[in-house]
Amino acid sequence: MLILGSVCKIGILLLLIGTNLQSQSSFKMAKLETSILDYSVNQGDDFYSFASGRWLQKTELPPGFSRYGYYSMADSIIFSELDSIFTGSKPSQNHPELSEIVKTLYTLGMDTNRIDEQGLKSLSDEMNRIDAIHSIADLPAALAHLQLIGINPLFELYKPQRWEMLGTYHPVLRQSSMPLGDVSWDSSNTDEDKRLIKVYRDFINQMLTLSGVSNQEAKHAVQTIMEIESRLASAAMSSSEFRVFWAFYNEVKVDELDHMLDNFYWSEYFQHLGIPDVETVIVSHPEYLHEVGRILQDLNG
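Residues numbered from 1 in each chain as written. Predicted model: local features only at pLDDT ≥ 70, side-chain atom pairs only at ≥ 80, totals over all residues. Heavy atoms only, no water.

Caption draft 1: Geometry of the overall build of the chain. Looking only at helices and strands, one finds eleven helices and four strands in the chain. The buried share of the chain, reckoned over its 301 residues, is 32%. Of the roughly 19,600 Å² of accessible surface on the chain, 56% is carried by carbon and sulfur atoms. (Helix = DSSP H or I, 4+ residues; strand = E, 2+ residues; numbered from the N terminus. Buried < 20%, exposed > 50% of the residue type's maximum accessible area, 1.4 Å probe, protein only. Areas by Shrake-Rupley, 256 points an atom, 1.4 Å probe, with all protein chains shown as cover.)

Caption draft 2: Representation of the nonpolar core. If you look at the biggest cluster of nonpolar residues, it comprises 29 residues, and the most contacted ones within it are Phe 155, Leu 257, Phe 264, Trp 266, Tyr 269, Phe 270 and Leu 289. Of all the secondary-structure elements, those providing two or more residues to this core are helix 7 (139-148), strand 1 (155-158), helix 9 (215-235), helix 10 (266-273), strand 4 (280-283) and helix 11 (286-300). Top contributing element to this core by residue count: helix 11, with five residues. Residues in contact with Phe 270, not counting those within four places in the same chain, are Leu 157, Val 254, Leu 257, Ile 275, Pro 276, Val 278 and Val 281. (Core = buried A, V, L, I, M, F, W, Y, C linked by side-chain atoms within 4.5 Å. Contact = heavy atoms within 4.5 Å.)

Caption draft 3: Representation of a nonpolar patch on the surface within the structure. Taken together, the side chains of Leu 120, Met 127 and Ile 130 present a nonpolar region at the surface, about 230 Å² in accessible area. Of the residues examined, Leu 120 reaches a relative accessible area of 34% and is grouped as partly exposed. (Patch = residues over 30% accessible without salt bridge, like charges linked within 9 Å, V, L, I, M, F, W, Y side chains within 5 Å. Salt bridge = Lys/Arg side-chain N within 4 Å of Asp/Glu carboxyl O.)

Caption draft 4: Representation of the side chain of His 145. Tracing the backbone shows His 145 in helix 7. At 3.3 Å, the side chain of His 145 and the side chain of Arg 129 are in polar contact. If sequence neighbours within four positions are ignored, His 145 has contacts with Glu 126 and Arg 129. (Polar contact = N/O pair within 3.5 Å; in protein donor to acceptor, adjacent residues only side chain to side chain.)

Caption draft 5: Spotlight on the confidence of the model for the chain. Overall, the predicted model of the chain reaches an average pLDDT of 79, with 83% of residues at or above 70. Throughout residues 1-29 the model reports pLDDT below 50, and contacts reaching past four residues in sequence, or to other chains, amount to 25 contacts. (pLDDT = per-residue confidence, 0-100.)

Caption draft 6: Examining the sheet that holds strand 4 more closely. One open sheet holds the four strands; their spatial order is 1-2-4-3, and the pairing between them is mixed. Each having just a single partner strand, strand 1 and strand 3 (251-253) make up the two edges of the open sheet. Strand-to-strand twist of the sheet, defined as the mean angle between neighbouring strand axes without regard to direction, takes the value 35°. Where strand 1 lies against strand 2 (residues 172-175), four bridges are found, and the strand directions are antiparallel. For Glu 156, the partnering residue across the bridge sits in strand 2 and is Arg 174. Across the sheet, helix 10 lies against strand 1, strand 2 and strand 4, angled at about 55° from strand 1, the strand it touches most. (Pairing = 2+ DSSP bridges. Axes fitted to C-alpha atoms, helices over the stretch in contact; angles between N-to-C directions.)

Caption draft 7: Representation of the pairing of strand 2 within the structure. Where strand 2 meets strand 4, two bridges bridge the pair, whose relative direction is parallel. Paired with Leu 173 across the bridge in strand 4 is Val 283.

Written out as structure tokens, the structure reads:
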């Protein structure tokens, strides 16, 4: 399934390239979107609020989004186009043969009978990697591998292109996406929060059962997982807090990361990611990383 996902991405990229490589007559230069500028803010005092102020004032975050901008809007358009390709209702006019390839790959991925027949065989290597984790010392290689294939447990590392305009080239270490978004896990949660938490708990239990874990083991594992999720959610920044751009720009030297996540071999982690020369990272929310460290110490103890 992981290979299938990569092939789908390649096919999608080819389609997008084919769609955009049109004649010069249809080519349009991108224009600066001035409607989002807040001219009441002095650019020299707060350029971010000047450049995005009116967008922040007039745009509400859609449900399930921690951030929303033109990239998100473009994603929605792309997903809509892809849905048309998947269903066959609107193949690419430029490259109909690529549309057919992508549709076929999508159909294979949705073949639940075939997937059920294969079971977890195709994921056995990944399961074995996870089973080999016995201590914090085993995590750097395992987490790096998972992140390289698009899975971000505990935390995420990425390189934002937009900060290069500010002269910053450091990778960003930030919290993983919360599975339930801004749902409250404490005693103040609403009835809807409680319902979502129960649905999530049942989902985890079902996944563990399908993977071959006994009912007793699954019950114990679900309890541990839910406790971890609750602690991570409590330490995480909310979607609205993530909109304050400068609040999560915290430069940290790699050798200082040990104070946030003890006994985690950062140099080995970056080595496995293929970026061994990293000296500085941007930690979006230091307290979250501290909590990850505390959770690992509790589990390791």
